[in-house]
Amino acid sequence: MQKSSEFIDWLKQQESEGKIESEGRFTISQDKAWDKLAAFQLPFPEAWVIKLVQAGVAHPQAGINVQQTREETSFLFINVPDWTRGSVEQAVHSPRPDDRRDLAHLAVALRALFQIQDQPFSIRYPDGQHVGWNGNEFLDLQGNETLPKVESLVVRVAHFPVGESRSIFNLGNSDAAQKRASISLALTEHCHYSPQTVTLDRRPLNGYLFDSVFGMTDKSSPLA
């Protein structure tokens, strides 16, 4: 059985303790902020996935690797030393017309995740800072989890709502599987035109071969 990530372990600990003690410094007041963030609505629920990929594509050096487990989907961006906690928080809280395109796309993706409200996710910054979103605020995660590669940023999104990590182990639970499939579908249907390699569980998604209409399907195969 695959070992859970530091993020998932943190979510389970929050539930077992029955309380949340804030150590973070990045919070959102729901009574004022959600209306403001509503201006950044996206066309379908998993469109934030596309914005994450666009952020990596817009960065001049980033590589994008996506991995899925039963519990979470992780987006690994390599060679992004300039995606610091300060620059990301600035782009999320105070968007400006002159913001860099990569940070602007990343900020829109995070705002979309905020709007779901009960969708837990975490961000691991290149310098090792690790924060988790509990539906109300970001809290600092304390741990020794090693980054896959240097100068990388990792966004992890759970496949279950806040407070329901234990339901992931129920054999009859289909919500987590559906969440995982929806994220995968958003990637395969919309990211095959990416100018740089995007992988899902080490399988490349970009290129004409993976076009959902004209590429390789159960009923068709490209002539050349």
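Up top is the structure.
Residues numbered from 1 in each chain as written. Predicted model: local features only at pLDDT ≥ 70, side-chain atom pairs only at ≥ 80, totals over all residues. Heavy atoms only, no water.

## Some remarks on helix H4 (residues 85-93)
1) Next: What H4 keeps buried is the set Arg85, Ser87, Val88, Glu89, Ala91 and Val92.
2) Next: Check the buried side of H4 and you find it contacts helix H5 (101-116), strand S4 (130-133) and strand S5 (138-140). (Buried < 20%, exposed > 50% of the residue type's maximum accessible area, 1.4 Å probe, protein only. Helix = DSSP H or I, 4+ residues; strand = E, 2+ residues; numbered from the N terminus. Contact = heavy atoms within 4.5 Å.)

## What about the environment of histidine 130?
1) Next: Note on placement: histidine 130 falls in strand S4.
2) Next: On the basis of relative accessibility, which here comes to 3%, the residue histidine 130 falls in the buried class.
3) Next: Side-chain polar atoms of histidine 130 contact the side chain of glutamate 6, separated by 2.7 Å. (Polar contact = N/O pair within 3.5 Å; in protein donor to acceptor, adjacent residues only side chain to side chain.)

## Section: the packing of helix H3 (residues 47-58) against H5
1) Next: For the pair H3 and H5, the least separation of the axes is 7 Å and the interaxial angle reads 160°. Of the possible angle classes, the one that applies to H3 and H5 is roughly antiparallel. Note on packing geometry: the crossing formed by H3 with H5 is left-handed. Every residue of H5 that contacts H3 at Trp48, Lys51, Leu52, Gln54, Ala55 and Ala58 is listed here: Arg101, Asp102, His105, Leu106, Val108, Ala109, Ala112, Leu113 and Ile116.
2) Next: Among the residues making up the contact of H3 with H5, the classes are represented as 10 nonpolar, two polar and three charged. (Axes fitted to C-alpha atoms, helices over the stretch in contact; angles between N-to-C directions. Parallel < 35°, antiparallel > 145°, perpendicular 65-115°, else oblique. Left-handed = near helix turned anticlockwise from the far one by under 90°. Nonpolar A, V, L, I, M, F, W, Y, C, P; charged D, E, K, R; others polar.)

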